[in-house]
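Architecture at a glance
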Amino acid sequence: MFVQDEPSSTLAASGGSDTNLKQLEEETGGAGVVWNLATMVNKLSGAPNEQLQTTKRIDTAAEMKREKMKKDLDKLRDSVQNLCRSSHPLSKILNYLQEDSDHMEKEFASWRQQVEQHTKALEEEERSTQSSLKPYYKQLQEQEAQVKEWTAKINALKTTLLDNDQKIEHMMLSIIESS
């Protein structure tokens, strides 16, 4: 009846060291049965104090590693959250960029199609203009030929006139000299 579950769990957790036994005695109020049990467990376990201290050190080191890992995990979680917060506007911009790019490609295709249409229309108009101008080119060539012909005739007449002027002048000089 004197033995309670709580002190025995405390005894098991304590590992039976002398300092823990004293602590157990204080917690249980010096109950003799608990003290005797703790002493017996300490003797039976045969675990030296050094081994218990090494185990405590390992437990402490593991605890420190767990704490460090928890802190690192918290830092990593914060970093990931910051990254997500920062990348969200970037993802929106990329979506808009894709939409703008699609729109620009469609507009470019439209402009290219218009250029091709207008180029074909221009070429067709040039062909029709050339075919409609053929009679005028022919007429122009005929007029140019007539101009050359008339120019040649005019030049021939001028030459004849000059020759006649010289003959007249020569005749006039001969008449003046003979008189």
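What follows is about the overall build of the chain. On a plain count of helices and strands, the chain comes out with four helices and zero strands. When its helices and strands are written in sequence order, the chain yields α-α-α-α. Expressed as a percentage of the 179 residues in the chain, the buried residues total 7%. Within the chain, contacts between residues at least 6 apart in sequence are counted, and of these 48% link residues at least 24 apart. Of the roughly 16000 Å² of accessible surface on the chain, 59% is carried by carbon and sulfur atoms.

Tallying each qualifying case throughout the model produces five salt bridges. Linking Asp-74 and Arg-77 is a salt bridge whose minimum nitrogen-to-oxygen distance equals 2.8 Å. You can see Asp-74 and its partner Arg-77 sitting in helix 4 (residues 49-178), three residues apart, about one turn around the helix. Taking relative accessible area as the criterion, Asp-74 reaches 30% and is therefore assigned partly exposed. When its relative accessible area of 43% is taken as the criterion, Arg-77 is described as partly exposed. The partner of Glu-149 in a salt bridge is Lys-153, and the shortest N-O contact between them spans 3.7 Å. On the criterion of helical spacing, the pair formed by Glu-149 and Lys-153 is a turn pair, its members being four residues apart in helix 4. Overall, Glu-149 belongs to the partly exposed group, its relative accessible area being 44%.

The next point concerns the environment of Ser-131. By the element assignment, Ser-131 lies in helix 4. The class for Ser-131 is partly exposed, based on a relative accessible area of 45%. Engagement of the side chain of Ser-131 in a polar contact is seen with the backbone oxygen of Ser-128, the distance being 2.9 Å.

A grouping of Glu-99, Asp-100, Asp-102 and Glu-105 is seen on the molecular surface, where their side chains present a negatively charged patch. Structurally, the position occupied by Glu-99 is in helix 4.

Our focus in this paragraph is the packing of aromatic side chains. Applying the stated criterion to the full structure yields zero aromatic pairs. If you follow Lys-153 out to its NZ or CZ, it ends over the ring of Trp-150, 5.0 Å from the centre.

This next bit is on the confidence of the model for the chain. Across the chain, pLDDT averages 79, with 68% of residues at or above 70. Element-level mean pLDDT values for the chain span from 42 in helix 1 (residues 5-14) up to 89 in helix 4. Under a pLDDT of 50 for its full length, residues 1-16 has, in the predicted model, 18 contacts with residues more than four places off or in other chains.

Attention now goes to a nonpolar patch on the surface. Residues Leu-90, Ile-93, Leu-94 and Leu-97 make up a contiguous nonpolar surface patch of roughly 390 Å² in combined accessible area. Inspection of the secondary structure assignment puts Leu-97 in helix 4. Since its relative accessible area comes to 49%, Leu-97 is described here as partly exposed.

Calculation criteria
Numbering of residues starts from 1 in every chain and runs along the sequence as written. Selection of residues for local features in this predicted model requires a pLDDT of at least 70, selection of side-chain atom pairs for listing and counting requires 80 or more, and totals for whole chains, interfaces and linings are taken over all residues. With hydrogens and water stripped out, all remaining heavy atoms of the structure feed into the side-chain values. Helix and strand definitions follow DSSP, with helices as H or I runs of at least four residues and strands as E runs of at least two, each counted in order from the N terminus. Working definition: with a 1.4 Å probe on protein chains only, accessible area under 20% of the residue-type maximum means buried, over 50% means exposed, and in between means partly exposed. Contacts are assigned to residue pairs with any non-hydrogen atoms lying within 4.5 Å of each other. Note that accessible areas follow from Shrake-Rupley with a 1.4 Å probe, and for residues the cover is restricted to the protein chains shown. For salt bridges, the criterion is a side-chain nitrogen of Lys or Arg within 4 Å of an Asp or Glu carboxyl oxygen. Definition of a polar contact: a pair of N or O atoms within 3.5 Å, with one able to donate and the other able to accept a hydrogen when the atoms are protein atoms, and with sequence-neighbouring residues admitted only if both atoms are side-chain atoms. Patch construction takes residues with relative accessible area above 30% that form no salt bridge. Like charges are linked within 9 Å, and nonpolar side chains (Val, Leu, Ile, Met, Phe, Trp, Tyr) are linked within 5 Å. Lys and Arg are tallied as positive, Asp and Glu as negative. Neither His nor the chain termini are counted. Working definition for charges: the position is that of NZ of Lys, CZ of Arg, CG of Asp or CD of Glu. Pairs were defined over the aromatic rings of Phe, Tyr and Trp, the Trp ring being its six-membered one, requiring ring centres within 6.5 Å. Orientation was assigned from the angle between planes: stacked under 30 degrees, edge-to-face over 60, tilted for the rest. Sitting over a ring, as applied to charges here, requires NZ of Lys or CZ of Arg to be within 6 Å of the ring centre and within 35 degrees of the ring normal. Across the chain, each position has a pLDDT score giving the predictor's confidence in that residue, from 0 to 100.

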